[in-house]
Amino acid sequence: MSTCAPVSLAIIVAAADNGVIGRDNRLLWRLRTDMRRFRSLTMGHPVLMGRKTFESIGKPLPGRETIVLTRAGADLPAGVIRASSLEEALALGREAAERLGVGRLMVAGGAQVYAECLPLADEILLTRVHASPEGDAVFPAIDPDLFEETAREAHPAGSEDEHAFTFIDYKRKRERSREVSAAANR
């Protein structure tokens, strides 16, 4: 086991102004700038997602270890790591991050996985999409008592991006972060 700092849990999500993240297991917008950011931030890291999110992508993410949280017995492609509980997924993700020499386990959805991971997350890498579509998957509200904004970058709609959006990074406030990291790294 490595003696490096604990692996942080980072949620990466695109959510509309009304919190919607999708409908019928698909995204509701086309934001190429956000997709490039997702790729850049997750490249070389283990990425945890639920089965439905994995099925919507349809394949392992190149250059990343893909961990799929599923209670179903569905077949997964070679190279995809199956976890049957959140505890197992976090342990596998920490092991993968340490093996890869990176400090983050990235959580990429869907709604149920986000809800389960939010209480344990050290940071949230949010793309706030300035639209209010109807959807059946929603990202939970971010509690300002637990998370503080550390960066913000606005982007207009354009030829590659259907809507205006803002990248907003949050970190868990210090006093709470140590408690959560200790619990997540047990």
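This structure is a prediction, so every number in the text was calculated from the model and none was measured. (Residues numbered from 1 in each chain as written. Predicted model: local features only at pLDDT ≥ 70, side-chain atom pairs only at ≥ 80, totals over all residues. Heavy atoms only, no water.)

(A) Structural detail: the overall build of the protein chain. Counting secondary structure elements, the protein chain contains five helices and ten strands. Here the protein chain has a C-alpha radius of gyration of 16 Å; the compact-globule value for 186 residues is 16 Å, and the two agree. Its C-alpha atoms give the protein chain principal-axis dimensions of about 45 × 40 × 25 Å. In the protein chain, which comprises 186 residues, the share counted as buried stands at 46%. Contacts in the protein chain between residues far apart in sequence, at least 24 positions, make up 65% of those at least 6 positions apart. Roughly 9500 Å² of accessible area belongs to the protein chain as shown, and the carbon and sulfur atoms make up 51% of that amount. Charged side chains of the protein chain number 25 positive and 26 negative; the gap between the two group centres comes to 2 Å. (Helix = DSSP H or I, 4+ residues; strand = E, 2+ residues; numbered from the N terminus. Rg over C-alpha atoms; globule rule 2.2 N^0.38 Å. Buried < 20%, exposed > 50% of the residue type's maximum accessible area, 1.4 Å probe, protein only. Contact = heavy atoms within 4.5 Å. Areas by Shrake-Rupley, 256 points an atom, 1.4 Å probe, with all protein chains shown as cover. Lys, Arg positive; Asp, Glu negative; His and termini not counted. Charge placed at Lys NZ, Arg CZ, Asp CG, Glu CD.)

(B) Here's a closer look at the packing of aromatic side chains. Evaluation of the coordinates by the stated rule reveals two aromatic pairs. Note on Tyr-114 and Phe-139: the rings are 5.2 Å apart at their centroids and 80° apart in plane angle, and the pair reads as edge-to-face. In this pair, Tyr-114 is assigned in helix α4 (residues 111–117) and Phe-139 in the loop between β8 (137–138) and β9 (147–155), connecting sequence segments 25 residues apart. For Tyr-114, a relative accessible area of 5% puts it in the buried group. (Phe/Tyr/Trp six-rings, centres within 6.5 Å; stacked < 30°, edge-to-face > 60°.)

(C) Representation of helix α3 (residues 86–100) within the structure. Its 15 residues give α3 an end-to-end C-alpha distance of 21 Å, which sits within 8% of 21 Å, the value for a rise of 1.5 Å per residue. For α3, every residue scored as buried is listed here: Leu-86, Ala-89, Leu-90, Gly-93, Arg-94, Ala-96 and Ala-97. An end-on view of α3 places all buried positions within 165° of arc, on one side of the element. Turned more than 90 degrees from where α3 packs its buried face, Glu-87 and Arg-99 sit exposed. (Expected span 1.5 Å × (residues − 1). Arc of directions from axis to C-beta.)

(D) Quick peek at the sheet that holds β9. Spatially, β5-β4-β3-β6-β1-β7-β10-β9 is the arrangement adopted by the eight strands of the open sheet, whose pairing is mixed. In the strand order of this sheet, the two ends are held by β5 (81–83) and β9, each with one partner. Averaged over all neighbouring strand pairs, the angle between strand axes comes to 20°, with direction disregarded. In terms of strand pairing, strand β4 (residues 65–69) meets β5 through three bridges, oriented parallel. In the strand pairing of β5, Ile-67 is matched with Ile-81. (Pairing = 2+ DSSP bridges. Axes fitted to C-alpha atoms, helices over the stretch in contact; angles between N-to-C directions.)

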